Amino acid sequence: MPQIIPTFLHLNLADQNFEVKSYEEFVPKVGGLGWALSIYEKFIDDDPIVFAIGPLSGIFPGASKTIAVFKSPQTGGLTTSLAGGHLARFLRFAGYQGVLITGKAPTPVLVSVDEETADFGDATPLLSLEVPKIFEQIFSSEGIPGRRSVVVTGPAAELGFTYAPLYLDEFFSFPRGGLGRAFAQKNLKGFVVSGTKGEFVENERRYNEVFLSLIKSLKGYRELSQLGTLRNLTVEKKISGVPFENLRESNFESDELAAPQFLRGIFGKRVSCGGCPVGCIHLLRFGDKYTFYDYEGVVSLGPLLGLTKQEDVGQLLARAWGLGLDPTSAGAVLSYLTEKEKLAFGNLETYRDLLTALVTSNEEWALQLRSGLPDEEQALTVGGMEFLPYFNGYASILSQILRLGATTEENCGFILDLDLLQKEISAKAVVNQLVLAQEKKTLSELLIGCGYLANVYEDPGVAFGALGATGSSISHEQLLAAAKSIFRHKLMLQKRLGFEPLDVKIPEKFFRIPTPAGFLQKDKLREMIKIYVHDVYEQAN
Ligand code: SF4
C-alpha cells in the first residue's frame, strides 16, 4: 500500500464522457478536504462538485466518510458536506480517491460507475418519485449488489428547493447547503459506484496492530452507538439550549423525545456506515418502513415546532425524507411560517399539510420558500442557511455565522460553548478557541474519519500512526502544518466565492432569548466576527 496519488474520476455531464486522472501535485494535501479543495480550485470556473475520500478511507474502522465540496445553491458560497454510508469504501475499491463533476447534462441522467467505465443512463423514470422508492428502483437495477453505493436527489431538488440534500445508500445523506439541488441544476439525478478491487498491504503486521487499536478505541463510543446523536438532547435540555416554538423559549417540559425514550418507543434498528463498528445511525419504524432520525432532525421537526411526541416528530421526519427535504431546514421553514402567519404551534395536522403544500403548491409563498427563508424577523436563518438547533452561547452562533459547520458533525461551536459555561472569556479567546477546534477537525477531514469520532481521528498521534501503516512518509509536523494550511485554503476559497462574514445578518431573536450562558450581547458577537475577519479570514491567502 504505497503513498497514494489521488486519482479522480471526472464526469463531464455536458459531453457525457469521463476521464480518469491522477494528481501527483496534490499528494502533500494528505487527502479528503485537502484533495477536494485543490480539485475544486483547479476547476472553479466550471462550477464543479467534488467528492473526496482520504488515505484511511475504507481500510480503517470509522474512516467511513466522504466529503463533498461545492458551491451552495442556497448561499452561493463554498460549502462542505459529509456523509457516511458505503460511498468511501466503494470509491476506493473502484480505484478512485474522488469524483469531479462538471457541466450540465442535456436531460436528467443517472451515472453508473465502476473501475473501468462510467455509463450515462436516462434518469427520467426516477423523476418525481419519493426518496425510498428511488432507492428501491435503483437497488433492483444498478451496480453490483453488496459492492455498490448509490447517491440520488429527491423530488424537492427537482422542484428547485435550494436546501434539498443528496441522499446516500437509503438512510444516509449529504445534509445542508443543498447538494441535492446542485445535482439537479446539472440534470444529474445521481450516481452508482461499484467497486471490487482489493489492495496489497505492505506491512501487514503494522496494519493489523493499528486496525485493532482503532477497534479498541471505537469500543469507547458505546453511548453514541446506543443512543445515536439524539443523546445530545438530554444535555441540551439540561442546560436549556433547545430552541422551542421558533425560539420563543430555549427549553420545553416533556422528556418523551429523549434518546432513551425513543429506544422504548418508535425506535426500529441501528445501521452503520461501511467499516464502522459503532453503528450510530438510528432508524425509527412505522409498520415495515424505516426512517432515519438524529438530534438536529428531531429538534427541528419537534420542539422547534412545539411538537414533543415521538409519533408526531417521526411522521414529519418520514414525510420530509420522502419529499427530499432536509429536516433541519424544513423545520426552520415551518417554524417561520407558524410564527409569521400566527398559526398554532404543536399541531401535527398543520405541519403535515404545510410540508405537502410547500412541495405541491404553486402559490407565491410556497414558491418563494423553495429558495429558503426570507430576511425577516421570524426567520431563524444565519447567512442564508437555516439555524442549526443548538442555542448554547456565542460559539454555537458564531460558528454558523462564519460558515464553520452546519451540522452536529461539523460544528465545533456548540461543544465549545459547553466547555465555556460558567466561564468569563474574552471575545478574542472565543475566536481563538473556535479556530483551534476547527483546525483539529480539519485533520480528521483530511483522513477522512467520522466527525463523531473526534477523540480518535482528531488525535495527531492516531492520525500519524495510521498513515504510517499505509506506507505514508509524511512527518508529524508536516501533517499538523497541512491541517492548518488546508483550513486556511478553505477560507481563501470562501473569500473567492464572495463570502463576507461582516455582512451576515443575525436574527434579533438571538439577543432576546437567554442562552445557557446568559443573554448574548450584540456588540460582543460583532466584535468576535471582526476579530475573526482581521486575525484569521483576511490572513488566509
Ligand atoms: S460513528 Fe456513526 S456516523 Fe460515524 S462512521 Fe460510525 S456509524 Fe457512521
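The numbering scheme is per chain: residues are counted from 1 as the chain's sequence reads. With pLDDT at 70 or above as the cut-off, local features in this predicted model cover only qualifying residues; side-chain atom pairs require 80 or more to be listed or tallied, and sums for whole chains, interfaces and linings still use all residues. The basis for every side-chain value is the complete set of non-hydrogen atoms in the structure, without hydrogens or water.

As recorded in an unreviewed UniProt entry, the protein chain goes by the name Aldehyde ferredoxin oxidoreductase N-terminal domain-containing protein, listed as coming from candidate division WWE3 bacterium RIFCSPHIGHO2_01_FULL_48_15.

Details of empty space enclosed by the protein
Here is the rule: Buried and open spaces are told apart on a 1 Å grid over the protein atoms alone, a cavity being a set of points where a 1.4 Å probe fits but cannot get out and a pocket being an open set with protein on both sides within 12 Å along at least five of seven lines. Residues with an atom within 4 Å of a point are the lining residues. Grid points are joined across faces, edges and corners, and a volume is the space filled by probe spheres set on the points. By definition, any uninterrupted DSSP run of H or I lasting at least four residues is a helix, any uninterrupted run of E lasting at least two residues is a strand, and each is numbered from the N terminus. Amino acids outside the nonpolar list (Ala, Val, Leu, Ile, Met, Phe, Trp, Tyr, Cys, Pro) and the charged list (Asp, Glu, Lys, Arg) are all regarded as polar, and Gly is one of them.
Following the criterion strictly, the structure yields three cavities of 30 Å³ or more and no others. Looking at the largest cavity, its volume works out to about 630 Å³. Phe172, Ser173, Pro175, Phe292 and Asp294 are, among the 43 residues lining the largest cavity, the residues nearest its centre. Contributing elements (two or more residues each) for the lining of the largest cavity: strand E5 (78–83), strand E11 (172–174), strand E15 (289–293), helix H10 (295–300), helix H11 (310–323) and helix H12 (327–340). Residues that form the lining of the largest cavity fall into these classes: 24 nonpolar, 12 polar and seven charged.

Things to note about helix H13 (residues 348–360)
Inclusion rule: To estimate how far a helix should extend, the number of its residues minus one is multiplied by 1.5 Å. Partly exposed residues are those whose accessible area sits between 20% and 50% of the maximum for their type, while under 20% is buried and over 50% is exposed, using a 1.4 Å probe and protein chains only. Contacts are assigned to residue pairs that have any heavy atoms within 4.5 Å of one another.
An ideal rise of 1.5 Å per residue puts 18 Å on 13 residues; H13 measures up with 18 Å between its terminal C-alpha atoms. Among the residues making up H13, those that are buried are Leu348, Tyr351, Leu354, Leu355, Ala357, Leu358 and Val359. Against the buried residues of H13 lie H11, H12 and helix H14 (364–369).

Overview of the nonpolar core
Side chains that are nonpolar tend, in soluble globular proteins, to be buried together. Keep this limit in mind: Think of a nonpolar core as a cluster: buried Ala, Val, Leu, Ile, Met, Phe, Trp, Tyr and Cys residues, connected wherever their side-chain atoms sit within 4.5 Å.
Counting residues in hydrophobic clusters, the biggest one holds 103 residues, and the most contacted among them are Phe51, Phe60, Ile101, Val111, Phe174, Leu179 and Phe183. Tallying contributions element by element places helix H1 (residues 32–42) first for this core, with six residues. Ignoring anything within four residues of it in the chain, the contact list for Val111 reads Leu11, Leu13, Ala118, Asp119, Phe120, Leu188, Gly190, Phe191 and Val192. Judged by nonpolar contacts, the second largest core, of 48 residues, contains Leu233, Phe262, Leu307 and Val359.

What to know about helix H15 (residues 394–401)
Where burial is concerned, most of H15 is hidden: eight out of the eight residues are buried. Turning to H15, its buried residues number three or more, namely Tyr394, Ala395, Ser396, Ile397, Leu398, Ser399, Gln400 and Ile401. Elements in contact with the buried residues of H15: strand E16 (381–382), strand E17 (385–386), helix H16 (413–420), helix H17 (427–447), helix H21 (509–512) and helix H22 (522–537). Count one or two residues on from H15 and you reach Arg403, which has phi positive near 55 degrees.

Some remarks on the layout of surface pockets
Note the cut-off: For the domain bounds, the source is a domain assignment made automatically or taken from a database.
Of the voids in this model, the largest pocket is the one considered here, and its volume is about 610 Å³. Along its surface, the largest pocket is lined by 25 residues, and Asn411, Phe414, Ile415, Gly451 and Ala454 are the ones closest to its centre. For the lining of the largest pocket, the secondary structure elements donating two or more residues are helix H8 (232–239), H16, H17 and helix H18 (454–457). A per-class count over the lining of the largest pocket returns 11 nonpolar, seven polar and seven charged. Looking at which domains feed residues into the lining of the largest pocket, each of domain 2 (211–379) and domain 3 (394–537) supplies at least three.

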